Amino acid sequence: MLTAHGCSFSYGERRVFSDVSLSLHPYELLALIGPNGAGKTTLLHVLSGIQSPQQGHVTIQTDGKEEELFGLSVDERARHIAVVEQSVAPAFDFSVKEMVSFGRYPHRHTKHDHSSIVNESMEAVGVSLLSDRMLSELSAGEKQRVFLALALAQKPRVLLLDEPLSHLDPKHQQTMISLLQTLAQKGLAVLWSVHELNWARKADRVALLCKGGLLAVGPPSDVLTQAHLETAYETKVRLIPTEPGEPPLILFDRE
Amino acid sequence: MATLSFRKSAWFLVRGLFCALCCFALMASPANAAYPVRVPLEGGRTLEMARKPHRIVVLGPTLYAYMLVDLGAASRVVGLAHSADNPRELHAVPSVGQSLSPDLERIVSLSPDLVVGGTDAVFAQLSALSIACFTLGPQKQSLTGSQDVFSLLRVLALLVDGDTQAAERLIQKTQTEMSQVETALAAQKKETVAVLYAGPRGNLFAAGAETPEHELISRSAGQNVFSHLRRHKPVSAEELLRLQPGVILIDENQRAYLTVQPALHHLSALSRGRVFGINSAVHGSSRLGQALKMYASRIHSRPF
Amino acid sequence: MRRGTVGSWLLLLGLLCVSLLLSAWIGSVHVPIKDMAFGLLRRLRLISWPETPLATLFLDLRLPRVLLGALCGASLSLSGGVMQGVFRNPLADPYILGQASGATLGAALCALFGPPGSFWLLPLCAFCGAFLFTLVLLVISEMSAQLYFDQSALILVGVALGSLGSALTGIALYASQTDQANSLVYWLFGSLALGQWPQIALFSACALPMVILLVQQSHALDLLSLGDTMAAHLGVSVVPLKRRLLLFSSVLTALVVAFCGTIGFVGLVVPHMVRKWMGPRHNRLLPSSCLLGAAFLPLCDTVSRSLLAPLELPVGIVTALIGVPFFLSLLLRRLRKVKAC
């Protein structure tokens, strides 16, 4: 549905990645992993259309035909692709409902029932009861879910999340993963970048970004190998087998 | 307290009326003409006074107030801008607020038939309400000496009396007073003099050439150490120490500015007790005779 | 907490009416209601009785002053609210980009070197000065588009321009050797005393399109407060939006400074008061800032002209006296919140 074709991106002289080709498909949860500075956030921004690559291009399938992402208007892009950033710090204290309703901005000229879509989005992530609470009063986990509801209110076909688990405790991480899996099952193309590699095992596919390129893309068991991980993270890795058919647990050994 | 603004305003907020302006006014209305009189203002405008004004409001600077008192119009002043330096003769006149930001409602409620002074903006506001206003507004030149003061006196006399007789008498008297002082000082050895003002931050300004102070210094057998400057210019302590004037004249309320800077303790005038306070408002007004006497008595330490 | 209810709006409107009525009523001269009413009716050509001097005073001095105060208060509050949204900084105010300094420079140059006696020239030059500084800032921003995304850098450019304006004004004042400095000082502090009907008409004609254009951007402003990246994800063209917002609110600010000098704290304080009450959504914040600003400034002006009558305090001093305690309490509250984190 959303495809990066040979994309290269640099910040001035510093090359972040080159020749990255990656496809996102509906009904799929894709985990993007890689060490710090590999360019995961940058790749996300290129895929979302807010930054254009120096080389290569990104296409999106709309109404059956493939179009250039950068040929779409900003509103159209926002109707197809929603992004949950790693940290959002609103300058003012909005209520949960107000925050989620911001997701309707790309659809502001349509005659949809915005109010019910906002309620549905809050329901989907389980923050309906927090509707009238101020964002500042919420815990990190609740806030993350509100931002997810905001993204869902855009009614996107592609959902990109930048390290959504980083501020969450294990219980909330589990809840978030389940939510993402549910959303993928409903037909969204979901890409989420993650540091904690053992969560990446829950994805349908994993993409490993490091040293300026995609080292491996494929099912978790194909990507989360000792060779790949030691190359990417430059440290000793131990894989602990688990259930048959399940990818192994990953442990980083001290040198 | 007479701050720099008030002191300067005594000479400078009233913009220089040149002799040509005076002549024009005189040509337009000869010395004994009755009303209506027409007086030229800045920017090609004219003010026509249809009849003698009996209710005059005076806004800043205080120079106007002194002039009107000296022209014998004090009893017709019904409103006055607030200033600590207003003439004693007008102390009972109701205040209309400050010169730069007067209470327009109060002015209007006094039903004036002439408003003298004030800023351009106030002029525009009151003129829009059909109130006769006389102001010279912001001009590029200030009063440069006694001739400018006399010109202004003549114009004011024309406005308030319909003729310049009172002004001519006053000018005559002033010129006589000034001549007497000059004659008495004919053989006097010249003293080096500086006339200083202090700005709000204690920075000093000096009266240079083309100022009334310069004329007063020259005519009281003095030599202005700052004659190389034009008008009023800021001067540094260093410059003052270099020039070492024999006598320093400064507003009475600003003398402390000279003693507060440690560097100025080396001023010879200060150590010899030759720093004198002057009342800037009075001595910056049209009372030039009085001013010259005061300058002469201070500079040469003898009564006049 | 329910925000932005019908009751809140009615209360705001009520405040505005009370403020305007009080300001029209209070003055150095007591004008009976009869004179006010008949004067108004006569001006509206509904009656033909002669106008009393008190009615003229009310209609040509007091009423224009009150209305100018309302217009300026509304404009400054709206501009302040927009700046706080654009810069995502609740401490931003309408003068953050150095317009006040530009206006002062324009006014100084006009007063000192322009032809005398032209009353309209001063506001025009002040407006041009303020607007020119805004354009310079926008040009600098265009040279480095990155500047639009770097809030601190943008503010620093504004501060730098402001300092430059002050320095140039100082040179102009020094070089001219005249005493307009005095009247400029008062102009700097801000004054509503010179409100006249033609000015009010011109101000309204210029300000109204800006107000409409700015309020139209309310939704986009909300998104901008989430951050430039999030706003872009949600379909906002960040750079064109910021350009528009800065331009329109600068025009509003320049208009106010041109006619009334620099009146501080209104644009900072009023959006904050409103934000507490109506919430941060700009579709409520901006119009209600206009209403509260329109009520706030005439009241401050009434205090400034009544407290020490016939002496008038510059209105900027009164707004500061009221604004500073509020501003400090806001700062302390923020610091306490940060400490608690």
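The rules we used
Residues numbered from 1 in each chain as written. Chains lettered and ligands numbered in written order. Predicted model: local features only at pLDDT ≥ 70, side-chain atom pairs only at ≥ 80, totals over all residues. Helix = DSSP H or I, 4+ residues; strand = E, 2+ residues; numbered from the N terminus. Rg over C-alpha atoms; globule rule 2.2 N^0.38 Å. Buried ≥ 20, exposed ≤ 12 C-beta atoms within 10 Å, placed from the backbone. Contact = placed C-beta atoms within 7 Å. Pairing = 2+ DSSP bridges. Axes fitted to C-alpha atoms, helices over the stretch in contact; angles between N-to-C directions. pLDDT = per-residue confidence, 0-100. Expected span 1.5 Å × (residues − 1). Parallel < 35°, antiparallel > 145°, perpendicular 65-115°, else oblique. Nonpolar A, V, L, I, M, F, W, Y, C, P; charged D, E, K, R; others polar. Left-handed = near helix turned anticlockwise from the far one by under 90°.

Draft legend 1. Region of the structure containing the overall build of chain C. Helix and strand content of chain C: 15 helices and 0 strands. Whereas a compact globule of 341 residues would reach a radius of gyration of roughly 20 Å, chain C reaches 21 Å, a difference of no more than 12%. For chain C, the C-alpha atoms occupy an extent of roughly 65 × 55 × 40 Å along the three principal directions. Looking at the 341 residues of chain C, the share that counts as buried comes to 53%. Residue pairs at least 24 apart in sequence account for 76% of intrachain contacts in chain C once pairs closer than 6 positions are excluded.

Draft legend 2. Structural view of the interface of chain A and chain C. In this complex, chain A contributes 19 residues to the contact, which on the side of chain C involves 18 residues. For the side of chain A that touches chain C, the element with the highest residue contribution is helix α2 (residues 74-80) of chain A, accounting for 4 residues.

Draft legend 3. Fine view of the sheet that holds strand β4 (residues 77-82) of chain B. Residue and element names in this part refer to chain B. Strand order in the open sheet formed by 5 strands is β5-β4-β3-β6-β7, and the pairing between neighbours is parallel. Taken across any chain shown, the strands that pair with only one partner, and hence form the sheet edges, are β5 (95-98) and β7 (133-134). With 3 bridges joining them, strand β3 (residues 56-58) and β4 adopt parallel strand pairing. Note that in β4 the partner of V57 across the bridge is G79.

Draft legend 4. Representation of the sheet that holds strand β2 (residues 14-24) of chain A. Residues and elements named next belong to chain A. Reading across the sheet, the 4 strands line up as β2-β1-β4-β5 and stay open at both edges, with antiparallel pairing between neighbours. Whereas interior strands pair on both sides, the edge strands pair on one side only; in this sheet they are β2 and β5 (65-68). Averaged over all neighbouring strand pairs, the angle between strand axes comes to 25°, with direction disregarded. By the bridge criterion, 5 bridges tie strand β1 (residues 2-11) to strand β4 (residues 55-62) in an arrangement that is antiparallel. Note on β4: the bridge partner recorded for A4 is V58. On the sheet, helix α1 (residues 40-48) packs against β1, β2 and β4 and is oriented at approximately 125° with respect to β1.

Draft legend 5. Seen up close, the arrangement of the chains. By number of contacts, the leading pair among the 2 pairs of chains in contact is chains B and C. The two units chain A and chain B remain apart, with a minimum C-alpha distance of 40 Å.

Draft legend 6. Geometry of the confidence of the model for chain C. Residues and elements named next belong to chain C. When pLDDT is averaged across chain C, the result is 86; 90% of the residues are at 70 or more. Ranking the elements of chain C by mean pLDDT puts helix α8 (residues 180-189) last, at 61, and helix α10 (residues 218-224) first, at 95. Taken over the whole predicted complex, pTM reads 0.84, whereas the ipTM for its chain interfaces reads 0.91.

Draft legend 7. A look at helix α4 (residues 99-113) of chain C. The end-to-end C-alpha distance of α4 of chain C is 21 Å, a good match for the 21 Å that 15 residues give at a rise of 1.5 Å each. Counted residue by residue, α4 of chain C has 13 buried out of 15 residues, so it is predominantly covered.

Draft legend 8. Spotlight on the packing of helix α3 (residues 53-86) of chain C against helix α13 (residues 266-278) of chain C. All names here are of chain C. Where α3 meets α13, the axes come as close as 7 Å, and the angle between the chain directions of the two elements is 75°. Taken together, the axes of α3 and α13 lie roughly perpendicular to each other. Facing G73, L76, S77, S79, G80, G81 and Q84 of α3, the residues of α13 in contact are V266, G267, L268, V270 and P271. Residue composition of the contact of α3 with α13, by class: 5 nonpolar, 7 polar and no charged.

Draft legend 9. Structural view of helix α6 (residues 146-161) of chain B. Residues and elements named next belong to chain B. The end-to-end C-alpha separation of α6 is 22 Å, in line with the 22 Å expected for 16 residues at 1.5 Å each. The element α6 is extensively covered by neighbouring structure, given that 14 of its 16 residues are classed as buried. G162 lies just past α6 and shows a positive phi near 85°.

Draft legend 10. Broad picture of the packing of helix α1 (residues 6-25) of chain C against α3 of chain C. Residues and elements named next belong to chain C. One can describe the packing of α1 onto α3 by two numbers: an axis separation of 9 Å at closest approach and a directional angle of 150°. Helix-helix and strand crossings are classified by hand; for α1 and α3 the assignment is right-handed. Contacts between α1 and α3 involve L20, S23 and A24 on the former and, on the latter, R62, L63, V66, G69 and A70.

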